[in-house]
Amino acid sequence: VPATDPVPLVSVDGRGARPLATGIGEVDRVLAGGLVPGSVTLLYGEPGVGKSTLLLQVLASVAETGARALLVSAEESAAQVRARAERLGEIPPDLFVVATADAGDAEAAVGAIEPALVVVDSVQTLSDPGAGSAPGAVSQVRSCAERLARLARARGPAVVLVGHVTKDGDLAGPRMLEHLVDTVLAFEGDRHHTLRLLRAVKHRFGTTGEVGLFEMADRGVRDIADPGPLLLGDRRAEVPGSAVAAIVEGRRSLVVEIQALVCAGAGGARRTAVGVDARRLATVAAVLESRAGISLAGLELFASVAGGLRANEPAADLPLALALASATTGLALPDDMVSLGEVGLAGEVRQVTGIDRRLAEAGRLGFRRALVPTSAPTGPADLELVRVASVAEAFELAVGEVRDRRHPVPPVRGGGTMPLCPTTASS
Ligand code: TYD
Ligand code: MG
C-alpha cells in the first residue's frame, strides 16, 4: 500500500476503489462489480479448466470499452494467444500481449502500455532472476507475485495472476499466495463437462458467497443465467434410480440429478461414487439396509451427480437414499419431486441449512413437491412440502402412488415385483 500522511478519514477520496467492470456478467457478480484498480486477484484452477480462455475474454471485454488491457503470457507464444483470441471473437485494438517469462519484462511492459488491467498467465511460469532459486520454486512464485502486487499498488492497474492447482487439491503453489493478494477466485469444473463455477474464496472488496456459472463452449466461456436446463435437461425421470437434489453453492442453489445404479455384478459389494462423497454413499446404503429394509447385501452400487457437479453436502443424503432405494426396487420416483435432508444413522431425516434457497430454486424450475425434514419452514406457495421423519417413510411416500397404480394390474409375467437389478435380469 502506498504510504500517506495521517489525514481525517472523511477527507479521503474513496473513489479510487471503484471497481472496473469486466463486462462479463457472472464475473462481475462474483467480484461485486468488477476488478478493483490497484488490487491483485489470484485465479486458480486445474489445468485445462479454462482459466486462460476466461481471462482472455475478460481482457478483450475490458479492451472493448477503450481501456487498455495487457496479457503477460508466460506459457504461450503471442501467436498462440492470437489463435485463441480469434476463436473467441473480434480482437479489440486495445488488447496487448507480451510473451515473456521474466518478471522484469512484465513490469517494463506494464510501464510502457499503462493498462487498466494486467493478466499474468501463469504466475508459476514467471520467473524473477533476482530471486535466486529456480523458476517454479515456491520462493520464485512468491517473489514474482510480490513484485506484481507492488506494481499494482503503485501504478494502479488491476492485476490478475493465474495459478495452476492439481487435481487432488494440492494448492501448495498458488494457495501460499492467498495472503499476498486481495482476492482469490477458484475456477472449477470437470474438464469432461461443460459447466464451470467461479467462486470467490477471498474478496477484500465484497462478500465471498457469490458463485458464477459458466458453460465452456466452442467459442469460449459463456455466462449461464439459468443452469436448470443444462443440469436437468437430459434427465429421464421414468428410469428408476433418478432423484433430484437441491444443493447449495455459495449463495445460490442448484437443482441437480442424483443417479444410482444397483447391480448384482461381478464387482461384489463395491461402491462407486462420482460427485458424491464415497463415505456418504456407504453410510446411506447402510442406513437403507438397516433402517428401511432395503437389502443391498452383496450388490454393487453406483451413485453419481449428473453434469459434473459435486453434491457432497448432507442435504443430498435423502435424494441419494431415494435414488438407491428406487434403483434397488425398480420403482421410479415422481418426476415433479425433489427431496432434501440429512440422513442420520437411525434412519431419521434431519434439518439442513439453506432450505429456503433450495426450495425456491426447485419451485422456480417447476417442481411441485418436496420431501423435507419435519422441522422445515414453509416453502414457496407453488411447492407442496411433504414432511418426512425417516428415510423409510420418505421412500414409501415417494413411490406409494406408483405402487398403488401397479397393484390392481397383475404383472404380465414374473412374480409381481420388479427385478432387483434390471441389467442382470434382462441378460
Ligand atoms: P484453457 O483456457 O487453455 O485452460 P487452462 O488455462 O485452465 O489450462 O482451456 C482449456 C480447454 O478449453 C481446452 O481443452 C480447450 C477448451 N476450449 C473450449 O472448449 N472452447 C474454447 O473456445 C477454447 C479457447 C478452449
Ligand atoms: Mg492456461
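The rules behind each value
Residues numbered from 1 in each chain as written. Chains lettered and ligands numbered in written order. Predicted model: local features only at pLDDT ≥ 70, side-chain atom pairs only at ≥ 80, totals over all residues. Heavy atoms only, no water. pLDDT = per-residue confidence, 0-100. Helix = DSSP H or I, 4+ residues; strand = E, 2+ residues; numbered from the N terminus. Contact = heavy atoms within 4.5 Å. Near = heavy atom within 4 Å. Polar contact = N/O pair within 3.5 Å; in protein donor to acceptor, adjacent residues only side chain to side chain. Areas by Shrake-Rupley, 256 points an atom, 1.4 Å probe, with all protein chains shown as cover. Phe/Tyr/Trp six-rings, centres within 6.5 Å; stacked < 30°, edge-to-face > 60°. Buried < 20%, exposed > 50% of the residue type's maximum accessible area, 1.4 Å probe, protein only. Axes fitted to C-alpha atoms, helices over the stretch in contact; angles between N-to-C directions. Parallel < 35°, antiparallel > 145°, perpendicular 65-115°, else oblique. Left-handed = near helix turned anticlockwise from the far one by under 90°. Nonpolar A, V, L, I, M, F, W, Y, C, P; charged D, E, K, R; others polar.

J.: A description of the confidence of the model for the protein chain should follow, citing residues and the corresponding values.
T.: Of all residues in the protein chain, 90% have pLDDT values of 70 or greater, and the mean over the chain is 88. Confidence, expressed as mean pLDDT per element, reaches its minimum in the protein chain at helix H12 (residues 422-426) with 40 and its maximum at strand E16 (residues 349-350) with 98. The low-confidence segment residues 407-427, where pLDDT is below 50, has 14 contacts with residues more than four positions distant or belonging to other chains.

J.: Explain the site of ligand 1 to me, and be specific about the residues and the numbers.
T.: Around ligand 1 there are 16 residues in total, and Gly48, Ser52, Thr53, Ala217 and Gly220 lie nearest to it. Here an oxygen atom of ligand 1 and a side-chain polar atom of Thr53 are 2.6 Å apart. Asp218 has a polar backbone atom sitting 2.8 Å from an oxygen atom of ligand 1. Burial of ligand 1 by the surrounding chains reaches 75%, relative to a free accessible area of 550 Å².

J.: Describe the packing of aromatic side chains, with residues and values.
T.: What the rule picks out here adds up to one aromatic pair. Residues Phe187 and Phe214 carry aromatic rings whose centres are separated by 6.0 Å and whose planes lie at 75° to one another, so their mutual orientation is edge-to-face. A residue pair is termed long-range when its members are at least 10 positions apart, and Phe187 in strand E6 (residues 183-188) and Phe214 in strand E8 (residues 211-217) qualify at 27 residues. Side by side, Phe187 and Phe214 carry an identical accessibility label, which is buried.

J.: An account of the packing of helix H4 (residues 103-113) against helix H5 (residues 138-155) is needed here, citing residue identities and associated values.
T.: Each pair of packed helices can be summarised by the angle the axes make with each other and by the distance between the axes. For the pair H4 and H5, the least separation of the axes is 10 Å and the interaxial angle reads 15°. The angle between the axes of H4 and H5 places the two elements in the roughly parallel class. Remark: the crossing between H4 and H5 carries right-handed chirality. On the side of H4, the interface is formed by Ala103, Gly104, Glu107, Val110 and Gly111, while H5 contributes Cys144, Arg147, Leu151 and Arg155. Class assignment for the residues of the contact of H4 with H5 results in four nonpolar, two polar and three charged.

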